[in-house]
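# Understanding the architecture of this molecule
Below, each chain spelled out in residue letters.
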Amino acid sequence: MEVIESGEGELFKAPDPDGFRAYVREHKARGLIDKVMTEKEAVAKFVADGDYLAYDLCWAIRGPNSLLREIIRQRKKNLGICGKFTYLGIAVLAGGECFNRVDFGYVGITVPYVEAIREGNIRISEWSNNALTMRLQAGAMGIPFLPVRYLGGADAFHYSGAKLVKDPFTAKSVVLLPALNPDVGLIHVHQADIYGNARVFGSLLSAHEVASASRKVIISSEEIIDHEEIRREPGRTTIPHFLVDAVVEAPFGSYPGEMPGLYTSDSAHLGEIAAASLKGMEPIKEYIQKYILDTESELDFLESKVGLGRLLELKGNANIKEGYR
Amino acid sequence: MTTATAFTQHEVAIIYLARMVEEDKSYWTPGGGRPGFALSLAQKLHAPNVMRMTEEGCISAQPYFPIEPFMYMGGARSNYRGVLWTSMNQICYYNTLGLVDYAILMVLEVDPYGNFNSSMIGGDYYHPQRRFGGAGGANEMASLAWRTLLVTDQDRRKFVKKCNFITSPGYLDGSPNARERAGMPAGTGPYRVVNSEAIFGYDEKTHYMKLLAISSWTTVAEVLSKMDFEPLIAEKVETLKPPTEEELTILRTEMDPEGRVVGAGEWILLE
């Protein structure tokens, strides 16, 4: 196959389908195993310094925010970030100085890390939201790459790790995206059983792709449901147990974001993060100290920093239930 | 229909776009901002069942306004009454199949061939003076939709000879088949650029930007003075009808009572 042009962007995770197969053979449990643990245990066990992280959310909706807070609490360092659709989440991680490389799809740009990019402390590669989810798709299919009909021609292509080739079937130009298999996938869901069979209601984003493509998968769930409920309606399972390493019961786990059908976002709190992140590193560090480092667990955070009254108010504000049960 | 006399630049752009929306066509847009608001306004005025997609995985929502900041894509209100909730990849497959007629996108900078920037300004890629969010879904939308509508302010810093960075492709260098050579489907590309002052199209042969219409309160010379390059000019430049009270009332009372989106931009006051 003729390569017409190659992007010069760094591949933070190069495709390695055989390596991933070998990992899956060894590490993905086929049996039904109780995987329930706390945020603290899951992050300590499955997130290592230097890991490449993919988390599934849309801006501030259905984000695994309790897990991201715990990553900051445990002061994880040098993570790589699959930056699709991540806005305030990455601002908070930036304040925690948790990562040193980002694949750009859409990333909320905040003062702290434009500086870090300029100084070379954060390495970047350029893609797009769908280029990243298609890379995850290839990773989820166990193949080295997938062809797409976008990204070519733009400077974004030049700073990506994609290739423009002559398609051997049609003789037309086509862009090849390399598979992406993150070290860690974090996904917040509406319901899961203790084994990791999980249900997402609403737009799916790339929940299944992230779960299939990632070596270590942590599910946080608003609710733990009985395994028999999964058996009764298998068509509603979004992510099956054998992809999952840990299940964390995380009511209000998407706070301050929305969990569709269950609670609305706390826009005042989101505004506080946005304002801090636009001001610079010190304000976002103050935010992190106050809300994350000064709390010792997610329960402590919800109790002492948010409060039952506010949580119930957000729950009450969720006036749309159709489709979420 | 009563012609209004006071409105913001964002309101005008949303209304011009909304008037262009056809119910039997399909649209791929961000959920919020001027593009998403234009579709929602069209749904309330003349195209209630228009087929619309947002990239997080929702098809044909009929959003429930008002919507909180940051919640325009994937939130329960923004995804209300859709016909399908699916994955980001499935949305893009439908687009690759050719199911999307129009993408509507915001841009930071646009050049004469409709190439646009949403990534960075100043310096070089690895040492940007200012860095922005990046492509998001704009690159795939601008590559795959049959026609792309771009939205930006009429400003010399927005209509530029050369973008600081081409995040998403227009007609590239304007040469025949440039998009196909770069891997995109044939027959696609920029179609209109819309803002509160003017509407531009593209010359079919040269793919160069062409001024088609201006607002009733401005002149061709004034529009050209707010551009870093001189576009082609249509033989007959149309004059656009100002917003009506009916259109503005929906935007201000039903959709955005706090004015977070529609209140942005300068006020335009007619005599």
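Residues numbered from 1 in each chain as written. Chains lettered and ligands numbered in written order. Predicted model: local features only at pLDDT ≥ 70, side-chain atom pairs only at ≥ 80, totals over all residues.

### What about the overall build of chain B?
Let me state the cut-off plainly: A run of H or I in DSSP counts as a helix once it spans at least four residues, and a run of E counts as a strand once it spans at least two, with each numbered from the N terminus. Just to be clear, the radius of gyration here is over C-alpha atoms, and the globule rule we use is 2.2 Å times residues to the power 0.38. Throughout, a pair of residues is in contact if the C-beta atoms placed from their backbones lie within 7 Å.
Of regular secondary structure, chain B possesses 7 helices and 16 strands. Relative to the compact-globule value of 18 Å for 271 residues, chain B shows a C-alpha radius of gyration of 18 Å, a close match. Along the three orthogonal principal directions, the C-alpha set of chain B runs to about 50 × 45 × 40 Å. Summarising the internal contacts of chain B: among those between residues at least 6 apart in sequence, 67% fall at separations of at least 24.

### Some details on the pairing of strand 5 (residues 123–126) of chain A
Residue and element names in this part refer to chain A. Our working definition: DSSP calls a pair of strands paired once it identifies at least 2 bridges connecting them. Convention used here: a crossover is right-handed provided that the path from the first strand, over the helix, to the second strand proceeds clockwise when the strands point away from the viewer.
Alignment of strand 4 (residues 99–104) against strand 5, held across 4 bridges, turns out to be parallel. What sits directly across from V102, in strand 5, is I124. You can see the chain leave strand 4, run along helix 5 (residues 111–118) and come back into strand 5, and the turn it takes is right-handed.

### A few points about the sheet that holds strand 4 (residues 58–59) of chain B
All names here are of chain B. Across the sheet, which stays open at both edges, the 10 strands sit in the order 5-4-3-2-6-11-12-13-14-15 with mixed pairing between neighbours. Pairing within the sheet leaves two strands with one partner each, and these edge strands are strand 5 (84–85) and strand 15 (232–240). Relative to strand 14 (residues 209–215), strand 13 (residues 198–202) is paired through 5 bridges, and the arrangement is antiparallel. Paired with I199 across the strands is A213, a residue of strand 14.

### Quick look at the interface of chain A and chain B
Each partner contributes to the interface: chain A provides 52 residues, whereas chain B provides 50 residues. Listed by contribution, the elements that provide at least two residues to the side of chain A that touches chain B are helix 5, helix 6 (129–141), helix 7 (155–158), strand 8 (173–178) and helix 10 (267–279) of chain A. Sorting elements by how many residues they give to the side of chain A that touches chain B places helix 6 of chain A first, with 5 residues.

### Some details on the confidence of the model for chain B
The condition that has to hold: A residue's pLDDT is the predictor's confidence in that residue, given on a scale from 0 to 100.
Looking at chain B as a whole, its pLDDT mean stands at 96, while 100% of the residues score no less than 70. Confidence estimates for the predicted assembly give a pTM of 0.97 and an ipTM of 0.96.

### Thoughts on unusual backbone geometry
The omega torsion across Y255(A) and P256(A) is 5°, close enough to zero to call that bond cis. You can see P256(A) is positioned in the loop between strand 12 (246–249) and helix 10. Although it is not a glycine, R81(B) adopts a positive phi angle of roughly 60°. The backbone phi angle of L172(B) is positive, close to 55°, even though this residue is not glycine. Within the secondary structure, L172(B) sits in the loop between strand 11 (147–151) and helix 5 (178–181).

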